[in-house]
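Here is how the chains run, residue by residue.
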Amino acid sequence: MNQSHCLIKPPVKKNTIPIDLKLHSDIRAVEHARFAHQVAEKGRLIKQYKMERDRQQKLEEEEEIKRLRKELIPKAQLMPYFDRPFVPRRSEKQPTVPREPKFCIPRHKKIKCCRMSCNDMSGPSQLQHLPSSVEKAEALYKNRILQ
């Protein structure tokens, strides 16, 4: 037979070794699991701290109630000492000097209104009779013409 017709068997390849892939989703899953564990641990510690604090507060309240109950027991008052009676002494301080009150308001603090005091105005009709600058000018003009 002809050797050209014979197929030559190709050389045997080695088995492929798979590469260990590190997917981002796998890394995130591990980080998330670690975070969830930390959150759960923190929650457990907070719960334990609250329980301890409540227990301490309850004990303090019970002690306070016991103390108040002991204090509130009615007791007889001590007799006053009559052999040393109280004698008031004269004060060493000088007596205060009385001053007259100031009922008037100083002139510089009064509110000035349109060059008239508030007593001169009897109402809003007085404001209508105040001459304006135009009316003053007309009155001066008429006085000059008449003279």
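Residues numbered from 1 in each chain as written. Predicted model: local features only at pLDDT ≥ 70, side-chain atom pairs only at ≥ 80, totals over all residues. Heavy atoms only, no water.

Caption draft 1: Layout of the overall build of the chain. Looking only at helices and strands, the chain has three helices and zero strands in total. For the chain, the succession of helices and strands along the chain, N to C, is α-α-α. When each of the 147 residues of the chain is scored for burial, the buried share is 0%. For the chain, the exposed surface amounts to about 17200 Å²; the carbon and sulfur share of it is 59%. (Helix = DSSP H or I, 4+ residues; strand = E, 2+ residues; numbered from the N terminus. Buried < 20%, exposed > 50% of the residue type's maximum accessible area, 1.4 Å probe, protein only. Areas by Shrake-Rupley, 256 points an atom, 1.4 Å probe, with all protein chains shown as cover.)

Caption draft 2: Quick look at the pattern of salt bridges. Counting across every chain of the model gives four salt bridges. For Glu52, the salt bridge is made with Arg55, and the minimal N-O distance between the two is 2.5 Å. Of the two residues, Glu52 and Arg55 both sit in helix H1 (residues 24-71), three residues apart, roughly one turn of that helix. Judged by its relative accessible area of 42%, Arg55 is partly exposed. In this structure, Arg67 engages Glu71 in a salt bridge whose closest nitrogen and oxygen atoms are separated by 2.6 Å. Of this pair, Arg67 and Glu71 both sit in helix H1, separated by four residues, roughly a single helical turn. With relative accessibility at 36%, the residue Arg67 sits in the partly exposed group. Connected via shared salt-bridge partners are Glu64, Arg67 and Glu71. (Salt bridge = Lys/Arg side-chain N within 4 Å of Asp/Glu carboxyl O.)

Caption draft 3: How the structure looks around a negative patch on the surface. Negative charge collects at one region of the surface, where Glu60, Glu61, Glu62 and Glu63 lie side by side. Considering the arrangement of structural elements, one finds Glu63 in helix H1. (Patch = residues over 30% accessible without salt bridge, like charges linked within 9 Å, V, L, I, M, F, W, Y side chains within 5 Å. Lys, Arg positive; Asp, Glu negative; His and termini not counted. Charge placed at Lys NZ, Arg CZ, Asp CG, Glu CD.)

Caption draft 4: Focus on a nonpolar patch on the surface. The grouping of Ile19, Leu21 and Leu23 at the surface amounts to a nonpolar patch, some 360 Å² of accessible area in total. Inspection of the secondary structure assignment puts Leu23 in the segment before H1. For Leu23, a relative accessible area of 46% corresponds to the partly exposed category.

Caption draft 5: Summary view of the confidence of the model for the chain. Residues at a pLDDT of 70 or more form 75% of the chain, whose mean pLDDT is 80. Between the elements of the chain, mean pLDDT differs from a low of 48, seen in helix H2 (residues 125-128), to a high of 95, seen in H1. Contacts from residues 114-127, a stretch scored under 50 in pLDDT, to residues over four places away or in other chains number four contacts. (pLDDT = per-residue confidence, 0-100. Contact = heavy atoms within 4.5 Å.)

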